[in-house]
Amino acid sequence: MGMVTTAAVFEQLGWLLPDLATAGVVLVLAANLGSFLNVVVHRLPLGESVVYGGSHCPKCGAAIRAYDNVPVLGWLWLRGRCRDCQAPIALRYPLVEAVCGGWVGGIAAVQLLSGGRNLPGPWYGGGRSGSDVLLLHTDWQLVAVTLMLSAILLTLLVWSLLEWDGHRVSGRWVFAMLLAVGVAALIAPALQPAGVLSQYPLWPQSPRWLRPLVVSALGLLAAVVLGRFGSSVVRQGLLLLGVACGWRAVMVVAGLLPIVAAIRRGLIPQPLAEPESDGTETEAASCGAGLLVWGHPAGVDMVVAAGLHQLAWRWIDQLLACVMP
Ligand SMILES: [Zn+2]
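Our subject in this report is the structure included herewith. (Residues numbered from 1 in each chain as written. Predicted model: local features only at pLDDT ≥ 70, side-chain atom pairs only at ≥ 80, totals over all residues. Heavy atoms only, no water.)

### Examining the overall build of the chain
Inference 1: Assigned secondary structure in the chain consists of eleven helices and zero strands.
Inference 2: Overall, the chain shows an N-to-C arrangement of helices and strands of α-α-α-α-α-α-α-α-α-α-α.
Inference 3: For the chain, with 325 residues in total, the buried portion stands at 44%.
Inference 4: Counted over contacts in the chain with a minimum sequence separation of 6, partners at least 24 positions apart contribute 67%.
Inference 5: Here the chain displays about 17,100 Å² of accessible surface, and carbon together with sulfur accounts for 69% of that area. (Helix = DSSP H or I, 4+ residues; strand = E, 2+ residues; numbered from the N terminus. Buried < 20%, exposed > 50% of the residue type's maximum accessible area, 1.4 Å probe, protein only. Contact = heavy atoms within 4.5 Å. Areas by Shrake-Rupley, 256 points an atom, 1.4 Å probe, with all protein chains shown as cover.)

Printed below as a string of structure tokens:
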């Protein structure tokens, strides 16, 4: 008769609790990473160390107390103002922390707890899901590929924030990332859950490094062709995605970009419109300082598009398999 007893509800909760706790830990870790990324994006263009020196108020220089330095919440209970001089703290800082925790951390949590069910290929999803794959019988391949894909999303976020502030991302940094991700996939092919074509495994007899090599090479090629239609960080981000995830990921993300950019234009008012009195604020407000064309897909749109692709990767690949090789 569908009677649900209280005991049954508590039993269900008991099963869910480890999963909820695991998801919570991932989200909090990612939000704290977002707090660190704020420091990176603020200090890197100034040539300051991102490791040494605690956070301080850019206006009065007072050190930010440890108990105020909590991601998102710290900004909320300070009501967006410095505790010492009452100078407003830009909404952007808690926003980046929330995006990092909620979006990058959320995707990582879904991927880990679903046992990699969103990923294509035969390497993950051995039927186990929930915190079981993490805590009891850790699936290290899944943990490694989640760390790798999260690192790529975080890199895209840092690059797009630098672009938003009017800075260029150095070619050397991009090249180092491409090299690191490419070499990692060659050494541990399971880090790259993409096939050359939609059929797995393509060459059962071939050396293990051949598939990642071809996937990365074709991914780079697709990124060079499709990246011509976006900002410089879109170009650089597509190269990174190509090496990490292959040519189909590049095609899907490049296809999503104009849609995401159109939605972003509808949601966020153009920053150039608001004049600021403070000299340091105008620099951040004058979006892109010539690097960004407001109407065109930008790095920030890539963070959204690449995340959407990662969340639905397996099903997107299955859909594409119906129309492409
Ligand atoms: Zn202050």
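### Some words on the environment of Trp 77
Inference 1: Checked against the element boundaries, Trp 77 lands in helix H2 (residues 73-77).
Inference 2: For Trp 77, a relative accessible area of 44% gives the class partly exposed.
Inference 3: When residues no more than four places from it in sequence are discounted, the contact partners of Trp 77 are Tyr 67, Asp 68, Val 70 and Arg 83.
Inference 4: There is a polar contact of 3.2 Å between the side chain of Trp 77 and the side chain of Asp 68. (Polar contact = N/O pair within 3.5 Å; in protein donor to acceptor, adjacent residues only side chain to side chain.)

### Side note on the coordination of the zinc ion
Each pair of donors in an ideal octahedron of six around a metal sits at 90 or 180 degrees, and each pair in an ideal tetrahedron of four sits at 109.5 degrees.
Inference 1: Distances from the zinc ion to its protein donors, Cys 57 (SG), Cys 60 (SG), Cys 82 (SG) and Cys 85 (SG), fall at 2.3 to 2.4 Å.
Inference 2: Cys 60 sits in the partly exposed class, given a relative accessible area of 36%. (Donors = N, O, S within 2.8 Å, 3.2 Å for Na, K, Ca; no water.)

### What about the nonpolar core?
The tendency in soluble globular proteins is for nonpolar side chains to be buried side by side.
Inference 1: Ile 152, Val 181, Leu 238 and Met 302 are the most contacted members of the largest nonpolar core, which has 64 residues in total.
Inference 2: Looking at this core, the element that brings in the most residues is helix H4 (residues 140-164), giving 14 residues.
Inference 3: In terms of domain composition, this core takes at least three residues from each of domain 1 (16-113) and domain 2 (151-325).
Inference 4: Setting aside residues no more than four positions away along its own chain, Met 302 makes contact with Leu 156, Val 233, Val 234, Gly 237, Leu 238, Leu 241, Val 253, Leu 257 and Gly 307. (Core = buried A, V, L, I, M, F, W, Y, C linked by side-chain atoms within 4.5 Å. Domains from an automatic or database assignment.)

### A few points about a nonpolar patch on the surface
Inference 1: A contiguous nonpolar patch, built from Phe 175, Leu 179, Val 183, Leu 186, Ile 187, Trp 209 and Leu 213 and spanning about 690 Å² of accessible area, is present on the exposed surface.
Inference 2: For the nonpolar patch, the element with the highest residue contribution is helix H5 (residues 171-187), accounting for five residues.
Inference 3: Looking at the element boundaries, Phe 175 is found in helix H5. (Patch = residues over 30% accessible without salt bridge, like charges linked within 9 Å, V, L, I, M, F, W, Y side chains within 5 Å. Salt bridge = Lys/Arg side-chain N within 4 Å of Asp/Glu carboxyl O.)

### Describing the packing of helix H8 (residues 247-267) against helix H10 (residues 299-311)
Inference 1: Where H8 meets H10, the axes come as close as 8 Å, and the angle between the chain directions of the two elements is 125°. Looking at the two axes, H8 sits oblique to H10. In terms of crossing hand, the pair formed by H8 and H10 is right-handed. From H8, Ala 249, Val 252, Val 253, Leu 256, Leu 257, Val 260, Ala 261 and Arg 264 reach across to H10, where they touch Val 300, Asp 301, Met 302, Val 304, Ala 305, Ala 306, Leu 308 and His 309.
Inference 2: Of the residues belonging to the contact of H8 with H10, the class tally is 13 nonpolar, one polar and two charged. (Axes fitted to C-alpha atoms, helices over the stretch in contact; angles between N-to-C directions. Parallel < 35°, antiparallel > 145°, perpendicular 65-115°, else oblique. Left-handed = near helix turned anticlockwise from the far one by under 90°. Nonpolar A, V, L, I, M, F, W, Y, C, P; charged D, E, K, R; others polar.)

### Thoughts on helix H3 (residues 92-113)
Inference 1: Look at H3: 30 Å from first C-alpha to last across 22 residues, which is about the 32 Å you get at 1.5 Å a residue.
Inference 2: Trailing H3 by a residue or two, Gly 115 shows a phi angle of about 70°, which is positive. (Expected span 1.5 Å × (residues − 1).)

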